[in-house]
Amino acid sequence: PYDVLIVGGGPAGAAAAIYAARKGIRTGLVAERFGGQVMDTVGIENFISVPYTEGPKLAASLEQHVKEYGVDIITDQRAAGIRRGELIEVPLASGAALKSKAVILATGARWRELKVPGEAEYRTKGVAYCPHCDGPFFKGKRVAVVGGGNSGIEAAIDLAGIVEHVTVLEFADSLRADEVLQRKANSMGNIDIIMSAQTTEVLGDGSKVVGMQYTDRVSGESKRLEVAGIFVQIGLVPNTEFLQGSEVELTRFGEVVIDNRGATSMAGVFAAGDATTVPYKQIIISMGAGATAALGAFDHLIRAGS
Ligand code: FAD
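About the criteria used
Starting afresh in each chain, residues are numbered from 1 along the sequence in its written order. pLDDT decides what is reported in this predicted model: residues at 70 or higher carry local features, side-chain atom pairs at 80 or more are listed and counted, and totals for whole chains, interfaces and linings draw on all residues regardless. The basis for the side-chain values is all heavy atoms of the structure; hydrogens and waters are excluded. UniProt positions are given in the numbering used here, feature names are shortened, and annotations may be inferred rather than shown by experiment. The pocket and cavity definitions rest on a 1 Å grid over protein atoms only: a 1.4 Å probe that fits but cannot leave marks a cavity, an open set with protein on both sides within 12 Å along at least five of seven lines marks a pocket, and residues lining either have an atom within 4 Å of a point. Grid points are joined across faces, edges and corners, and a volume is the space filled by probe spheres set on the points. For this scheme, ten residues count as nonpolar: Ala, Val, Leu, Ile, Met, Phe, Trp, Tyr, Cys and Pro. Four count as charged, namely Asp, Glu, Lys and Arg, and the remainder, Gly too, count as polar. In this text, near means that some heavy atom of the residue lies within 4 Å of the molecule or strand in question. Identification of polar contacts relies on pairs of N or O atoms within 3.5 Å, with a donor-acceptor requirement for protein atoms, meaning one able to donate a hydrogen and the other able to accept it, and with residues adjacent in sequence counted only if both atoms are side-chain atoms. Throughout, the Shrake-Rupley method with a 1.4 Å probe supplies accessible areas, and for residues the shown protein chains are the sole cover considered. Working definition: helices are DSSP H or I runs of at least four residues, strands are E runs of at least two. Numbering for both runs from the N terminus. We define a salt bridge as a contact between a side-chain nitrogen of Lys or Arg and a carboxyl oxygen of Asp or Glu at a distance within 4 Å. Exposed residues in this analysis have more than 50% of their type's maximum accessible area, buried residues have under 20%, and partly exposed residues fall in between, with area computed by a 1.4 Å probe over protein chains only.

As annotated in an unreviewed UniProt entry, the protein chain carries the name Alkyl hydroperoxide reductase subunit F and is attributed to Zobellella iuensis. Of the comments in the UniProt record for the protein chain, the one headed Sequence similarities (unreviewed entry) reads "Belongs to the class-II pyridine nucleotide-disulfide oxidoreductase family." Regarding the protein chain, the UniProt comment filed under Cofactor (unreviewed entry) reads as follows: "FAD".

**Some thoughts on empty space enclosed by the protein**
With the rule as written, the count across this model stands at one cavity of 30 Å³ or more. If you trace the largest cavity, you find it lined by Ile44, Asn46, Phe47, Gln282, Ile283 and Ile284. Taken together, the residues of the lining of the largest cavity break down into four nonpolar, two polar and no charged.

**Some details on the site of the ligand**
Inspection of the region around the ligand gives 34 residues, with Arg33, Gln37, Asn46, Ala79 and Ile283 positioned closest. Taking alanine 12, its main chain carries an N or O atom lying 2.9 Å from an oxygen atom of the ligand. Residue arginine 33 places a main-chain N or O atom 2.6 Å away from an oxygen atom belonging to the ligand. For the ligand, whose unbound accessible area comes to 1,000 Å², protein coverage reaches 96%. At the level of secondary structure, the elements contributing two or more residues to the shell around the ligand comprise α1 (11-21), β3 (43-44), β9 (109-111) and α6 (283-303). Of the residues belonging to the shell around the ligand, the class tally is 13 nonpolar, 15 polar and six charged.

**Here we look at the pattern of salt bridges**
When their charged atoms lie close together, side chains carrying opposite charge are able to pair. Enumeration according to the criterion identifies 17 salt bridges in this entry. Close ionic contact of aspartate 205 with lysine 208 constitutes a salt bridge, the shortest N to O distance being 2.9 Å. Under the relative-accessibility criterion, aspartate 205 is labelled partly exposed at 42%. Taking relative accessible area as the criterion, lysine 208 reaches 45% and is therefore assigned partly exposed. With a closest N to O distance of 3.4 Å, arginine 261 and aspartate 299 form a salt bridge. Here arginine 261, found in the loop between β18 (236-238) and β19 (269-271), pairs with aspartate 299, found in helix α6; they are 38 residues apart in sequence, far enough to count as distant. A network of salt bridges, in which partner residues are shared, links Asp3, Arg26 and Lys101.

Below is the structure:
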């Protein structure tokens with residue numbers, strides 16, 4: 001058995017593994033895919049002290065750093081639950097189960113996709129999900145934001161300060177975003193909001209996005225919008241389905257509830273990164289949270305007398 005078992009190999013899991021292993025305790029890390037969302041990212045310009053890097057390069061450095069500490073890394077395996085036995089047990093989809101005195105959950109999240117033609121093809125070539133990350137790449141251009149909830153309107157306000165013009169497309173006939181955000185968006189001068197718009201296709205020229213197609217749900221008409229970027233803001237889904245029904249408390253959005261040491265509601269189980277209630281989902285924030293959870297888990301082990 002491990003002293004600390006980390007579930008997830010993204011920035012949060014990697015940071016937790018390094019912090020745990022540096023305490024000289026038996027550390028294991030199980031992940032479906034090492035690197036997590038970072039593997040799907042092209043340019044990264046906000047990883048402090050590294051002005052520019054690319055996802056696969058950062059993921060490779062993460063893996064190399066973790067490997068320097070003799071962490072037992074198991075990839076291509078999916079956790080299927082968590083339960084208390086003599087120790088804490090993490091059953092895997094393959095049928096085996098891993099045992100540990102403490103567990104750190106760092107399974108991240110995934111952006112909800114539009115699932116329309118062109119979206120997958122032009123991902124990172126104009127189709128974006130994170131305005132903090134990719135907004136500056138569209139400086140001086142016209143972009144669209146799909147989704148009129150809080151994250152969509154926040155994204156539009158954020159982007160409007162960088163890009164030339166933002167069009168927000170909302171599926172429903174009214175916005176779900178808070179009134180104060182709507183007022184701010186309406187006051188900005190370069191944000192248009194289109195209601196009852198169903199996005200139907202991402203249009204590209206073979207190498208990058210040139211526009212999009214949507215249906216006006218009132219008239220039934222199909223319309224075209226010329227944009228260089230499309231920010232999809234229809235939800236971030238935590239990868240926590242496997243925790244449903246366990247002792248680990250989740251919010252109604254599926255986020256793992258943690259305290260300021262990363263502890264969850266299940267004794268000995270900690271969590272970090274995009275899978276949790278942490279308010280902002282970013283690489284640097286996930287790494288800090290991973291470090292916090294590992295230190296929290298170490299404190300727990302000392303107090304539990306093991
Ligand atoms: P993740 O990176 O999501 O990693 C989760 C890990 O858990 C993975 O290893 C996964 O395989 C594993 N996993 C999931 N479920 C299971 C399971 N059941 N069993 C075992 N393993 C499991 N942030 C920035 O700061 N700057 C950027 O420029 C930036 N650009 C981005 C661009 C894109 C396209 C995307 C999608 C995200 C971007 N982000 C960026 C956000 C950033 O990638 C995330 O905030 C960060 O990766 C979260 O780290 P994490 O470790 O919490 O989770």
